[in-house]
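Listed below are the residues making up each chain.
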Amino acid sequence: MATTHWSLDPSHSEVQFKVKHMMISTVSGEFTKFDASVETQDDDFTTGQVSFTADLDSITTKNEQRDGHLKSADFFDAASYPQILFKGSRLTKESSDEYVLDGDLTLKGVTKPVRLKVSHSGVITDPFGMLRTGFEVSGKINRKDFGLSWHQLTEAGGLVVSDEVRVQANVEFVRNKD
């Protein structure tokens, strides 16, 4: 078997998150600078070794004040921990195009195992003869598990920011010509 390297196509990829605000609405955000790669044996994605990084300075919720607060020590502490890291350890096929990705996520210096759902969109040959593949990745994490423990209560006793964070990534990879 030969090792196949797949590189992220950032212009056709996005990484987003959603969190409840005051338990009545959802605030969305994204990272604009990130990278990922996949190494497989031949083109078998169940053998995939996945790595991902996101630059915390690139976080945007379309609100400059909130973005600054998220980068502060109250949340990500981007000055001390400038990146989010994910290292996939196992990709398990559940159906023809559905997988479960297990791996270690590191936020704010804390590493915890996470499990993500992955939908595979298939492999195609683009007009330039390059092989491309796409994935939709989704999951949930508890921000407090990673030391993001800032909280404030509303007058009614509800949380201003929920502990649960939903993550979603739509990523496209190009097979390297090794």
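Refer to the preceding data block for the structure.
Let us look at the structure shown here. Note that this is a predicted model, so its numbers are computed, not measured.

What to know about a positive patch on the surface
Inference 1: Together, Lys 18, Lys 20, Lys 117, Lys 140 and Arg 166 line one region of the surface with positive charge.
Inference 2: By secondary structure assignment, the location of Arg 166 is in strand 11 (residues 161-175).

Observations concerning the pattern of salt bridges
Two side chains bearing opposite charge may form a pair once their charged atoms approach each other closely.
Inference 1: Considering all chains together, one arrives at nine salt bridges under this definition.
Inference 2: The shortest N-O distance in the salt bridge between Arg 132 and Asp 9 comes to 2.7 Å. Of this pair, Arg 132 sits in strand 10 (residues 131-142) while Asp 9 sits in the loop between strand 1 (3-8) and strand 2 (14-21), and the two are 123 residues apart along the sequence. An identical accessibility class is assigned to Arg 132 and Asp 9; each is buried.
Inference 3: The partner of Arg 175 in a salt bridge is Asp 43, and the shortest N-O contact between them spans 3.1 Å. Taken together, the residues Arg 175 in strand 11 and Asp 43 in the loop between strand 4 (34-41) and strand 5 (44-55) connect sequence positions 132 residues apart.
Inference 4: On the basis of relative accessibility, which here comes to 37%, the residue Asp 43 falls in the partly exposed class.

Re the nonpolar core
Inference 1: Judged by nonpolar contacts, the single largest core of 40 residues is most densely connected at Phe 31, Phe 76, Ile 84, Phe 86, Leu 105, Leu 107 and Phe 173.
Inference 2: Broken down by element, the residue count for this core peaks at five residues, all from strand 11.
Inference 3: Among all residues touching Phe 86, those that are not within four sequence positions of it are Val 50, Ser 51, Phe 52, Leu 101, Asp 102, Gly 103, Asp 104, Leu 105, Val 114 and Leu 116.

Notes on unusual backbone geometry
Inference 1: Positive phi outside glycine occurs at Asp 42, with the angle close to 55°.
Inference 2: Mapped onto the elements, Asp 42 comes out in the loop between strand 4 and strand 5.
Inference 3: Given the relative accessible area of 37%, Asp 42 is considered partly exposed.
Inference 4: Not every positive phi belongs to a glycine, and Asp 77 is a case in point at roughly 50°.
Inference 5: Turning to its location among the elements, Asp 77 is positioned in the loop between helix 1 (64-71) and strand 7 (83-93).
Inference 6: The class of Asp 77 is buried, set by a relative accessible area of 17%.

A word on the packing of aromatic side chains
Inference 1: Evaluated as defined, the whole model comprises five aromatic pairs.
Inference 2: Ring plane angle 45° and centroid distance 5.3 Å describe the contact between Trp 6 and Phe 45, whose orientation is recorded as tilted. In this pair, Trp 6 is assigned in strand 1 and Phe 45 in strand 5, connecting sequence segments 39 residues apart.
Inference 3: With a centroid separation of 6.3 Å and an interplanar angle of 35°, the aromatic rings of Phe 34 and Phe 52 are classed as tilted. Here the residue Phe 34 occupies a position in strand 4, and Phe 52 occupies one in strand 5, the gap between them amounting to 18 residues.
Inference 4: The buried category is assigned to Phe 52, whose relative accessible area is 18%.
Inference 5: Members of the aromatic cluster, joined through ring pairs, are Trp 6, Phe 45, Phe 135 and Phe 173.

What counts, and where the lines are drawn
- Residues numbered from 1 in each chain as written.
- Predicted model: local features only at pLDDT ≥ 70, side-chain atom pairs only at ≥ 80, totals over all residues.
- Heavy atoms only, no water.
- Patch = residues over 30% accessible without salt bridge, like charges linked within 9 Å, V, L, I, M, F, W, Y side chains within 5 Å.
- Areas by Shrake-Rupley, 256 points an atom, 1.4 Å probe, with all protein chains shown as cover.
- Salt bridge = Lys/Arg side-chain N within 4 Å of Asp/Glu carboxyl O.
- Lys, Arg positive; Asp, Glu negative; His and termini not counted.
- Charge placed at Lys NZ, Arg CZ, Asp CG, Glu CD.
- Helix = DSSP H or I, 4+ residues; strand = E, 2+ residues; numbered from the N terminus.
- Buried < 20%, exposed > 50% of the residue type's maximum accessible area, 1.4 Å probe, protein only.
- Core = buried A, V, L, I, M, F, W, Y, C linked by side-chain atoms within 4.5 Å.
- Contact = heavy atoms within 4.5 Å.
- Phe/Tyr/Trp six-rings, centres within 6.5 Å; stacked < 30°, edge-to-face > 60°.

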